[in-house]
Amino acid sequence: MDHSVLQTILLYTALCFSIYQGQETQEFLPTFLKVSRNLPLQRLLVEWDVSDLAHQFELEMVFDIQVSRSEEMNVVWTEYYNTTLSKLNKTLHWSWDSELPLECMSHSVRIRSMVNDERFSKLWSHWSQWETVLGLDTSDDYTPYIFPEDKVVEEGSNVTFCCIGGKDSRILNFLFNYTDYCYPDSNTSQRNMVITMNKVLHAEMPGIPAFCNLSGKGNKNYSATLLFVGKPPHEPKDLSCDTRDMTTLTCTWNPGEDTYLYGPYSTKYHLFERSSQKTLCYQETETDLEPIRCSWAIGQQMIYNLTLTAQNPLGERSANFVLDVALRVHPFPPSDLSVEDMKATEVSLYWSMQPKHKAIKLLCQIENRHPSGEVELHNSSVVQSNSYPHLTLGGLQPFTNYAFRMRCGAASHFWKWSEWSKTIRVRTNEAAPSGKLDVWREVTPVLGGRNVTLFWKPFPDYRANSGGISFEITWEKLEKTSEPEHISISALQNSTTISIDNHSYKISVAARNNIASSLPSVIIISRVTDNGAEENVDHTDLEEERVNGTVDGIYIPWKATKAFNGYIVDWCNFPRSQHCDFQWKRFDFNTSSCLINSAAFMPGVRYSFRVYGSLANEHFFLGKKVGYTKELAPRLNPQGEITEMTSHTVTITWDSYPMNESQPGFIRGYHVYVKTMEEECSLKGSTKHALSDGTVLCKYTIENPEEKRYVVKHLMPETTYALAVKAYTGGGETPIDAYIRVDTLHDSKIYLLVLLVMIHFVLISAVCFWKIKWMKDCCCPEIPNPNKSKALSCNGLKLNSEAVMKLSDCIPDTIVLENTSEANTLQLWSHGTILGSESKVINPSWVYFVQNEEGDLMCTQSAPEACTSFENLAYSSQTALGSSLYQNLWMSEKSEPQLSILSYQPQHYIEIPSKDTVTSLREITEREDSLRYISQMEVPHSEVKLSNLPHSTEPLEHSSYKIQTVLGSELVTSTSDEDIHSQDSSTSSSSTVLLLLGRH
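Everything numeric in this text was worked out from a predicted model, so none of it was measured.

### So, the overall build of the protein
Next, step 1: A count of helices and strands for the protein gives six helices and 61 strands.
Next, step 2: Burial status across the protein gives 42% buried among its 1000 residues.
Next, step 3: Taking contacts inside the protein between residues at least 6 apart in sequence as the whole, the part at least 24 apart equals 67%.
Next, step 4: A total accessible area of about 55100 Å² is found for the protein, and carbon and sulfur atoms account for 52% of it.

Now the structure itself:
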């Protein structure tokens, strides 16, 4: 039996036996552990193995790997490494990249394992022994070190530096880019130091210096290094390959953004052809800003499968593309460009091409640049690169400078144009002037004829076609046969003046050069009529029409008719200058307006435009328009003058103010300002105008620009005012800078009015004094005094006092009642009740009233019907008034006798017999408060006739003399209508004795 087979069987048997004996105790301890380091990559390399039994069964295992630093074995990294063992490769490998340079200190590694198989328990084996790689910090060398040395890192990375001092030395500080970052404790003897710089950035200069300063016994007291910070290469851009002669292929590309890495760390490019597995070129760049070019011979290969790779220490980028040489032909520019067979309107161009050794079909393009800057492109037919092609260009202008240049491209598979050839400049030959001149005129009447100023300019289709140009002017009469007159004008002029008489003339203007003349332009000047007026020419007496202007120009309208075949508008660009720069424009027959604009137009300048209708070379004046592009405020203020003045008005005039074209705008009217001594305007008919300083003026607006006089009204006499006149245009007005001060006159009408008032007052006073008694009786009647009453005698009532007047203190005197001989029936009521029966009074008699023990007045007459009671409302009290307030005396007539004139005289005596016949007066006169005397008429004397007393003309049924009482608010409901009627018949301001007369 083969030895290897027998060994396999034995191993398998042992493994099965061990599994059978106890799975819990089976472990595969790592063996042959070996640790090394790759210093350029700062990488720790680890190798180990396990027993052959594990490899034979190809077990899946997990290894726990720990990395430690320094003598204290501080674990800095732990990682689980999973693998499946192989029968062929028994050695296991693992690596670890250290951020800290491996030279700085010692690094140790240990491993333990675990079988990741269901047949085994998942238990870790024992740790292997630490395997250590020593650092320079353990050496006995006196030389200082700093790590990493000349490292290249990507911008934004964190970089860890390590300083190692020599034996018996100590680190003082660490500097990065000349900046101190670390000062170790001076009391410790630190031989090595570690510091990390976070997010480093690139510097303007390549390489950032880092230093460690030390103290010790060594010959060198510092260590230094450079750190290169940059970016990975970018993908190549604008990759392009082409051939010019089908022999050499050239590729160019743009490296992209700067990587900030230069010299040995700069980006390197490899162009590799994948089909042939050849490197076509290898390029190193000093900068990443210039395009990179790579060329090689084509040979027989026409299709290329290329890979372009950019690489630097931080990474690499690649770009792939496929190239067909036949589709990438970029010809050489044409050479030896020349002109032959030149004429006035065409030229022939000749040139040569490369390469001559190989025919390439090309399509060429000619650029023709005009003097105006216009460019025309012309394409030639297909030509061979090894021939001598040419091209004829027509449609050129005579006596004109042109610039020509050429470029060519592949005709079969166009890729791109070649570069432009050198430019050649030529001028075509002369020819006769083409087109016509645009001619216009201005006619000025003079003694015995007219001066005609001719203006001309080229029409858009006119061309001089030569250098030696002049203008020929010819004019002749139309009515009579005469020899034409002729003058020649230099090309430097565009106007001239000729003199003609009053006949009609035909004037022609033509341009002439060394070859021939152009077609003439003709205008006709009409004759002057017998009355001295010229037909169909300017009528300056026509009224000017104002037109509106804008920032874009001045709008000119006119009435278009079918009688004309066109219209002309002329004007001066500088109307205030002697050289006005006369201009004109022509318009079609269907045009009725235009917008005239010019760079010479200025705000505040009045421009005049004349409109003409054109028919068969004759021109008819249609009207004159004036306007501004923009109106400005008047430059000059009106010179106001006070011409009239009164006490209430002031007249101001400004007759000499101009309104012509010297004004920077149309005068639209005037503003008259009045400044009063008050703070604000208060004159009638004015508006308020506030100045910038807060002063408020009175403003009057005159909208008629021809009105140069204004009367300011409603002024105060003998008052100072300040007046100013301002003209305004469409551009406004200038600020007020001066006033005219004026003092109004005194008002004589006031004195006359005062005199008239005084005269009237004196006259009225005289009349009043003359009629003072009458005036007193009419306006202020005497108030009756109860103490002086002839009807009552009041005891204890004093004059000019407000003492209580009781009826018990007043004894009625004798009352004389005069009556006719006819019988009258007296009916007495007390509180609305008849007191006595009818009784006929035959003769007048006296009536006596006697006061009884209870204070009531009693009639002493024996006949009850002869008793009469009196009452005056002026003495009524507010508290004693009731619904049955009064005692009334009613006189009922038995017949209807005539009313006779009665005299108030004593004749007979009437006595009141007893108190049973009258109502007690106590109920009427008793008051809680005192009685107040208000008004009472005096009882008339005996000689006063009753007919003279006021009375009603209507027949009266009853008469009553009411007791005098104070009139209160409760009186209205206590009197009858007849009583009120009786009161109204008497004097309104006093209590009245009412005598109701019976009918006779």
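### A closer look at helix 3 (residues 748–770)
Next, step 1: Over its 23 residues, helix 3 extends 34 Å from the first C-alpha to the last, a length consistent with the 33 Å expected when each residue adds 1.5 Å.
Next, step 2: Taken across its 23 residues, helix 3 has zero buried, putting it largely on the surface.

### Focus: the packing of aromatic side chains
Next, step 1: All told, the structure shown has 31 aromatic pairs when counted by the stated rule.
Next, step 2: Between Phe 176 and Tyr 181, the ring centres sit 6.4 Å apart and the planes meet at 65 degrees, which makes this aromatic pair edge-to-face.
Next, step 3: Taking the relative accessible area as the measure of exposure, Phe 176 reaches 7% and is therefore buried.
Next, step 4: Aromatic pair Phe 601 and Tyr 607: ring centres 4.4 Å apart, planes at 40 degrees, arrangement tilted.
Next, step 5: Its relative accessible area of 1% is what places Tyr 607 among the buried residues.
Next, step 6: One aromatic cluster is present, built from ring pairs that chain together Trp 558, Phe 564, Tyr 567, Phe 587 and Phe 620.
Next, step 7: Over the face of the ring belonging to Tyr 739 we find Lys 675, whose NZ or CZ atom lies 5.4 Å from the ring centre.

### Some points on the UniProt feature "transmembrane region" (unreviewed entry) in the protein
Next, step 1: The feature "transmembrane region" (unreviewed entry), as annotated in UniProt, sits at residues 750–770 in this numbering.
Next, step 2: Taken end to end, residues 750–770 has its terminal C-alpha atoms 30 Å apart, with 100% of it in helix and 0% in strand.

### Things to note about the sheet that holds strand 7 (residues 131–133)
Pairing between the strands of a sheet is mediated by backbone hydrogen bonds and can be parallel or antiparallel.
Next, step 1: Spatial strand order, 4-3-6-7: four strands in an open sheet with antiparallel pairing. Taken across any chain shown, the strands that pair with only one partner, and hence form the sheet edges, are strand 4 (74–84) and strand 7. Geometrically, the sheet is characterised by an average inter-axis angle of 25 degrees between neighbouring strands, direction not taken into account.
Next, step 2: As paired strands, strand 3 (residues 60–69) and strand 6 (residues 107–115) are joined by nine bridges and run antiparallel to one another. Note that in strand 6 the partner of Val 67 across the bridge is Val 109.

### Observations regarding the sheet that holds strand 27 (residues 390–393)
Next, step 1: Spatially, the three strands line up as an open sheet ordered 23-24-27, and their pairing is antiparallel. In the strand order of this sheet, the two ends are held by strand 23 (335–340) and strand 27, each with one partner. Pairs of neighbouring strands in the sheet enclose a mean axial angle of 20 degrees, with direction left out of account.
Next, step 2: Across four bridges, strand 24 (residues 347–352) lies against strand 27 in antiparallel orientation.

### With respect to unusual backbone geometry
Next, step 1: Note the cis peptide between Phe 147 and Pro 148, where omega equals 0 degrees.
Next, step 2: Considering the arrangement of structural elements, one finds Pro 148 in the loop between strand 8 (145–147) and strand 9 (151–154).
Next, step 3: A positive phi angle, near 50 degrees, is found at Phe 399, a position not held by glycine.
Next, step 4: Within the secondary structure, Phe 399 is located in the loop between strand 27 and strand 28 (401–410).
Next, step 5: Positive phi is not limited to glycine here, since His 714 has a value of about 60 degrees.

### Comments concerning the pairing of strand 30 (residues 437–446)
Next, step 1: Where strand 30 lies against strand 31 (residues 449–458), 10 bridges are found, and the strand directions are antiparallel. Note on strand 31: the bridge partner recorded for Leu 437 is Pro 458.
Next, step 2: The hairpin turn running from strand 30 into strand 31, its antiparallel successor, is two residues long, and Gly 448 in that turn takes a positive phi close to 85 degrees.

### Regarding a nonpolar patch on the surface
Next, step 1: Residues Leu 752, Leu 755, Leu 756, Ile 759 and Leu 763 make up a contiguous nonpolar surface patch of roughly 460 Å² in combined accessible area.
Next, step 2: In this fold, Leu 752 is placed in helix 3.

### Topic: the confidence of the model for the protein
Next, step 1: When the pLDDT values of the protein are averaged, the result is 77; 72% of them are 70 or greater.
Next, step 2: Within the protein, the lowest mean pLDDT, 35, falls on strand 60 (residues 887–893), and the highest, 95, falls on strand 40 (residues 566–572).
Next, step 3: Contacts for the low-pLDDT stretch residues 814–849, under 50 throughout, to residues beyond four places or in other chains number 125 contacts.
Next, step 4: Confidence drops under a pLDDT of 50 for residues 860–1000, and excluding neighbours within four residues, the segment shows 332 contacts in the predicted structure.

### A look at the state of the cysteines
Next, step 1: Tallied over the full model, the rule gives six disulfides.
Next, step 2: Paired through a disulfide, Cys 281 and Cys 294 show a sulfur-sulfur distance of 1.8 Å. In this pair, Cys 281 is assigned in strand 19 (residues 278–284) and Cys 294 in strand 20 (residues 292–297), connecting sequence segments 13 residues apart. Residue Cys 281 shares its accessibility class with Cys 294, and that shared class is buried.
Next, step 3: Bridging Cys 572 to Cys 580, the disulfide has an S-S length of 2.3 Å. Between Cys 572 and Cys 580 the disulfide shows an S-S torsion of about -40 degrees. By sign, it is left-handed. Each of the two residues, Cys 572 as well as Cys 580, counts as buried.

### What to know about the pattern of salt bridges
Next, step 1: Per the stated rule, a full pass over the model turns up 16 salt bridges.
Next, step 2: Here Glu 419 ties to Arg 244 by a salt bridge, and the two come within 2.6 Å at their closest N and O atoms. Taken together, the residues Glu 419 in the loop between strand 28 and strand 29 (424–427) and Arg 244 in the loop between strand 16 (237–243) and strand 17 (248–254) connect sequence positions 175 residues apart.
Next, step 3: We classify Arg 244 as partly exposed; its relative accessible area is 22%.
Next, step 4: With a shortest N-O distance of 3.3 Å, Arg 610 and Glu 442 are connected by a salt bridge. With a gap of 168 residues between them, Arg 610 in strand 43 (residues 607–615) and Glu 442 in strand 30 connect regions that are remote in the sequence.

### Focus on the nonpolar core
Next, step 1: With 25 residues, the main nonpolar core has Val 46, Trp 48, Leu 59, Met 61, Val 109 and Ile 111 as its most contacted residues.
Next, step 2: Elements with a contribution of two residues or more to this core: strand 1 (31–38), strand 2 (43–49), helix 2 (52–56), strand 3, strand 5 (92–97) and strand 6.
Next, step 3: Ranked by the residues each element gives to this core, the list is headed by strand 3, at four residues.
Next, step 4: Dropping the residues within four chain positions of it, Ile 111 is found in contact with Pro 30, Leu 33, Val 46, Trp 48, Phe 63, Asp 64, Ile 65, His 126, Trp 127 and Ser 128.

### Things to note about the environment of Thr 701
Next, step 1: Within the fold, Thr 701 resides in strand 49 (residues 696–702).
Next, step 2: Separated by 31 residues in sequence, Thr 701 and Tyr 670 place their C-alpha atoms 6.0 Å apart.
Next, step 3: In this view, Thr 701 contacts Tyr 670, His 671 and Tyr 728; residues no more than four positions away in its chain are not counted.

### Remarks on the environment of Arg 576
Next, step 1: Considering the arrangement of structural elements, one finds Arg 576 in the loop between strand 40 and strand 41 (582–588).
Next, step 2: Judged by its relative accessible area of 48%, Arg 576 is partly exposed.
Next, step 3: Considering only alpha carbons, one finds Arg 576 and Val 605, 29 residues apart in sequence, at a separation of 8.4 Å.
Next, step 4: One polar contact links the side chain of Arg 576 to the main-chain carbonyl oxygen of Gly 604, over a distance of 3.0 Å.

The rules we used
Residues numbered from 1 in each chain as written. Predicted model: local features only at pLDDT ≥ 70, side-chain atom pairs only at ≥ 80, totals over all residues. Heavy atoms only, no water. Helix = DSSP H or I, 4+ residues; strand = E, 2+ residues; numbered from the N terminus. Buried < 20%, exposed > 50% of the residue type's maximum accessible area, 1.4 Å probe, protein only. Contact = heavy atoms within 4.5 Å. Areas by Shrake-Rupley, 256 points an atom, 1.4 Å probe, with all protein chains shown as cover. Expected span 1.5 Å × (residues − 1). Phe/Tyr/Trp six-rings, centres within 6.5 Å; stacked < 30°, edge-to-face > 60°. Lys NZ or Arg CZ within 6 Å of the ring centre and 35° of its normal. UniProt positions renumbered as here; feature names shortened; annotations may be inferred. Pairing = 2+ DSSP bridges. Axes fitted to C-alpha atoms, helices over the stretch in contact; angles between N-to-C directions. Patch = residues over 30% accessible without salt bridge, like charges linked within 9 Å, V, L, I, M, F, W, Y side chains within 5 Å. Salt bridge = Lys/Arg side-chain N within 4 Å of Asp/Glu carboxyl O. pLDDT = per-residue confidence, 0-100. Disulfide = S-S within 2.5 Å. Core = buried A, V, L, I, M, F, W, Y, C linked by side-chain atoms within 4.5 Å. Polar contact = N/O pair within 3.5 Å; in protein donor to acceptor, adjacent residues only side chain to side chain.

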